[in-house]
Amino acid sequence: MSCLRLSSLRSRLILLVLLAAIPALALILHDAAARRSRAIHNVKDSTKRLARLTALEELQLIDGARHVLMALSHVPGVRHGDVEACNELFARLVRDSHRYANFGLIDLEGNVVASGLPMREPVNAADRRYFREALKSESFAVGEYQVGRITGVPSLNLGYPVRDERQVTNGVVFAALNLSWLSQLELEVQAHLPPGYVMTKIDDRGMVLVHPLDPEKWVGRSALRSPLVQRVLAEREGLAEAPGLDGISRLYGFAPLSPSRGSGTVFVIVGVPRAVVLADSDRVLKHSLIWLAIVAAVALTVALLGSHVLILTRVRVLTRAVRRLGSGDLSARTGLPEARGVIAELARSFDDMAARLEQAQAERRRLEREVLDIEEQERQQIGRELHDDLGQLLTAMALKSKVQQEVLAKHASPEAARAAEICDLATRAMDRVRALARGLYPVDFEHVDLPLALQDLADSVEDASGLSCQVECPGDVAVPDAMMRTHLHRIAQEAVSNAIKHAEAQQIAIRLASEGGQLILTVEDDGKGLPQDVKCGDTLGWRTMGYRAALLGGSLELEPRPSGGTIVKCRVPCPTKQAAPGES
């Protein structure tokens, strides 16, 4: 009878331990399934993000080419069809720029009359989409991805109409974007992808545009026979597990890029081995199962070794703690006093495990906060670059176009209206950049030597606006810290920009001095000054400068100039040593 009771007690203890382990196992399996599902879904999300980024990059490249072709269309030799001058100009452009495979000029019949690369035989481009669209729309046109008849390499051709002095179209100037150069850009993107990821780009005809594993074999060739390519062209967006162009089976996510104004649809395909996609979830599942097995083994050992009331009591305490942990309460502890024995060891192991789980959860929450912070920093960095770089360029563009408009208007030139349009476009672009920067809040710039950067800033202001901009910087003033050079340069740049755009200044002085253990940067102008109700921090520019000064542990001051104008003064502590690489 006693043996039976002992056996029954052990059975109940074993059953209790198993019941406590089942919810934990179910939770682990459910979490593992959810992790696997999220990992697979993330492949599709990553593809969409890559598609958006790649589309933006491609549009920027095409827009840059558009500006180049617009400029070429106004070159006298191109407008007059001077073949010798055009060949020399186009050849020099091809040598100086790796992104372009060729430049050329086509007459109205489609004959290529000038080319940066020598032509072995006459070439006619009347059947090319970019040529037909450029003549039809009388504006910039984008062709298809194809192998050039002159270059013999895969390229994307772009065209722009050429007009003579009477504004009559007499030809098309074209540029061929080199797909090999585009592949190098994609390799840089590939380098930032997680290990195991492979990114491929194809067009809607199945031609391979980018393939990092074997570009010489695939770029510029058709892959319509590939089951993966056939599925991409049929479904356009989704997930698929199939052999890639190299014959290796992967999990692929694919999505279309935004159509590039006549060049057809381009698809981004991101492939990754299933094992890589599910590696993290499988590792977490493995560790969770190991921990669960350890806890279950220890608990079963305790149940088999002890049946005494004292042991049973402690087991019940431990079981309750396990149940609390299984329900998600990571603060659960056994609360048993320190003692020797298997049960006490099990209790301590459980408490240690629960503490590590609680610590792991706290660490995960901390990492989530850091990820949010990093995301915000990235948004701020983009905003800063928009405001600090593109904004300044557009300011210079607006000023130059305004000056040009006035000069043309004085001479009653018909080009004055076009200059006015350019000025208006630049002004609207500046407004748009300010709006974007105001939402993202700019900060940061490249490392520069500060005295030289300030002198370059003054020279660019004088060249762009005709204003007087002087720099005063004693030779013994040094700013060894790269981050400090960056922020002080940007503060000066923003203050000068404000003096030009808002204060209508004619003379600007930039001073850098060291005084009392501080670096003092002063920007002084003779403009009309700021309204009485404007203070530091009221505008995006002032907030940016104040933020930069605060990052350096300094302050920003704004005060009126006694003889009229504004004085912007930034005080920061002098650095004591050269910043090591990476400290900035």
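Going by the structure above, here's the rest.
Residues numbered from 1 in each chain as written. Predicted model: local features only at pLDDT ≥ 70, side-chain atom pairs only at ≥ 80, totals over all residues. Heavy atoms only, no water.

### Brief notes about the overall build of the protein
Now for step 1: A tally of regular secondary structure across the protein gives 15 helices and 15 strands.
Now for step 2: When burial is assessed residue by residue, the protein has 42% of its 584 residues classed as buried.
Now for step 3: Counting contacts in the protein only where the partners sit at least 6 residues apart, residues at least 24 apart contribute 61% of the total.
Now for step 4: Roughly 30,900 Å² of accessible area belongs to the protein as shown, and the carbon and sulfur atoms make up 55% of that amount. (Helix = DSSP H or I, 4+ residues; strand = E, 2+ residues; numbered from the N terminus. Buried < 20%, exposed > 50% of the residue type's maximum accessible area, 1.4 Å probe, protein only. Contact = heavy atoms within 4.5 Å. Areas by Shrake-Rupley, 256 points an atom, 1.4 Å probe, with all protein chains shown as cover.)

### Considerations on helix α3 (residues 83-96)
Now for step 1: Over its 14 residues, α3 runs 20 Å from end to end, which matches the ideal 20 Å to within 8%, given 1.5 Å per residue.
Now for step 2: Regarding α3, the residues found buried are C86, L89, F90, A91 and V94.
Now for step 3: The opening residue of α3 is D82, an N-cap whose side-chain oxygen sits 3.4 Å from the backbone nitrogen of E84. (Expected span 1.5 Å × (residues − 1). Polar contact = N/O pair within 3.5 Å; in protein donor to acceptor, adjacent residues only side chain to side chain.)

### Some words on the sheet that holds strand β13 (residues 518-525)
Now for step 1: Pairing within the open sheet is mixed, and its five strands lie in the order β11-β12-β13-β15-β14. Because the sheet does not close on itself, it has two edges, and the strands there are β11 (468-472) and β14 (555-560). The average undirected angle you get between the axes of adjacent strands in this sheet is 15 degrees.
Now for step 2: Inspection of the sheet shows strand β12 (residues 507-515) paired to β13 by eight bridges, in the antiparallel sense. Note that in β13 the partner of R511 across the bridge is T522.
Now for step 3: Along the sheet, helix α14 (residues 482-501) makes contact with β12, β13, β14 and β15 (566-573), crossing β13 at roughly 15 degrees. (Pairing = 2+ DSSP bridges. Axes fitted to C-alpha atoms, helices over the stretch in contact; angles between N-to-C directions.)

### Quick look at the pattern of salt bridges
Now for step 1: Overall, the coordinates contain 12 salt bridges when judged by the stated rule.
Now for step 2: Here D63 and R66 are joined by a salt bridge, their closest N and O atoms 2.8 Å apart. Residue D63 and its partner R66 are both found in helix α1 (residues 2-73); the two are separated by three residues, about one turn of the helix.
Now for step 3: For D63, a relative accessible area of 28% corresponds to the partly exposed category.
Now for step 4: Between R149 and D127 there is a salt bridge; the shortest N-O distance is 2.5 Å. Here R149 is found in the loop between β3 (141-147) and β4 (154-163), whereas its partner D127 is found in the loop between β2 (112-115) and α4 (129-137), with 22 residues between them in sequence.
Now for step 5: Linked by salt bridges that have partners in common, E472, R511, E524 and R561 make up one network. (Salt bridge = Lys/Arg side-chain N within 4 Å of Asp/Glu carboxyl O.)

### Here's the deal with the nonpolar core
Now for step 1: Among the nonpolar cores identified, the biggest contains 32 residues, and L488 and L521 are the most heavily contacted of them.
Now for step 2: Of all the secondary-structure elements, those providing two or more residues to this core are α13 (450-465), α14, β12, β13, α15 (540-551) and β15.
Now for step 3: Ranked by residues supplied to this core, first place goes to α14 with eight residues.
Now for step 4: Setting aside residues no more than four positions away along its own chain, L521 makes contact with L454, L488, I491, A492, I510, R511, L512, V568, K569 and C570. (Core = buried A, V, L, I, M, F, W, Y, C linked by side-chain atoms within 4.5 Å.)

### As for the packing of aromatic side chains
Now for step 1: Scanning the model with the defined rule gives three aromatic pairs in all.
Now for step 2: Measuring from centroid to centroid gives 6.5 Å for F90 and F103, while their planes differ by 25 degrees, and the two rings are stacked. Remark: F103 occurs in strand β1 (residues 100-106) and F90 occurs in helix α3; sequence separation between them is 13 residues.
Now for step 3: By relative accessible area, which is 1% here, F103 ends up buried.
Now for step 4: An aromatic cluster of at least three residues, connected via ring pairs, comprises F90, Y100 and F103. (Phe/Tyr/Trp six-rings, centres within 6.5 Å; stacked < 30°, edge-to-face > 60°.)

### Things to note about the sheet that holds strand β5 (residues 169-178)
Now for step 1: Sheet architecture is open: five strands sit in the order β2-β1-β5-β4-β3, paired in antiparallel fashion. Because the sheet does not close on itself, it has two edges, and the strands there are β2 and β3. Going from strand to strand, the sheet's axes swing by 25 degrees on average, the running direction of each strand aside.
Now for step 2: On the sheet, α3 packs against β1, β2 and β5 and is oriented at approximately 165 degrees with respect to β1.

### With respect to unusual backbone geometry
Now for step 1: Unusually for a residue other than glycine, E138 sits at a positive phi of about 55 degrees.
Now for step 2: Its place among the elements puts E138 in the loop between α4 and β3.

### Structural notes on the environment of A39
Now for step 1: Summarising the element assignment, A39 is placed in helix α1.
Now for step 2: In this structure A39 comes out as buried when scored by relative accessible area, which is 17%.
Now for step 3: Sequence separation between A39 and D280 is 241 residues, and the spatial gap between their C-alpha atoms is 8.6 Å.
Now for step 4: Not counting the four nearest positions on each side in its chain, A39 is found in contact with V277 and L278.

### Quick look at α4
Now for step 1: Residues of α4 that are buried: Y130, F131 and A134. For α4, the angular spread of the buried residues around the axis is 100 degrees, confining them to a single face.
Now for step 2: Contact partners of the buried residues in α4: β1, β3, β4 and β5.
Now for step 3: A positive phi of about 55 degrees marks E138, the residue just after α4. (Arc of directions from axis to C-beta.)

### Focus on the environment of Q146
Now for step 1: In this fold, Q146 is placed in strand β3.
Now for step 2: Those residues in contact with Q146 that lie beyond four places of it in its chain are R128, Y130, V153, P154, S155, N157, R205 and M207.

### Points about the pairing of strand β10 (residues 266-272)
Now for step 1: Along β10, seven of the seven residues are buried, which leaves the element largely enclosed by surrounding structure.
Now for step 2: Going residue by residue along β10, you find V266, V268, V270 and V272 tucked away on one face and F267, I269 and G271 tucked away on the opposite face as well.
Now for step 3: As judged from the six bridges shared by strand β9 (residues 249-256) and β10, these two strands associate in the antiparallel manner. Its bridge partner being in β10, A255 is matched across the sheet by V268.

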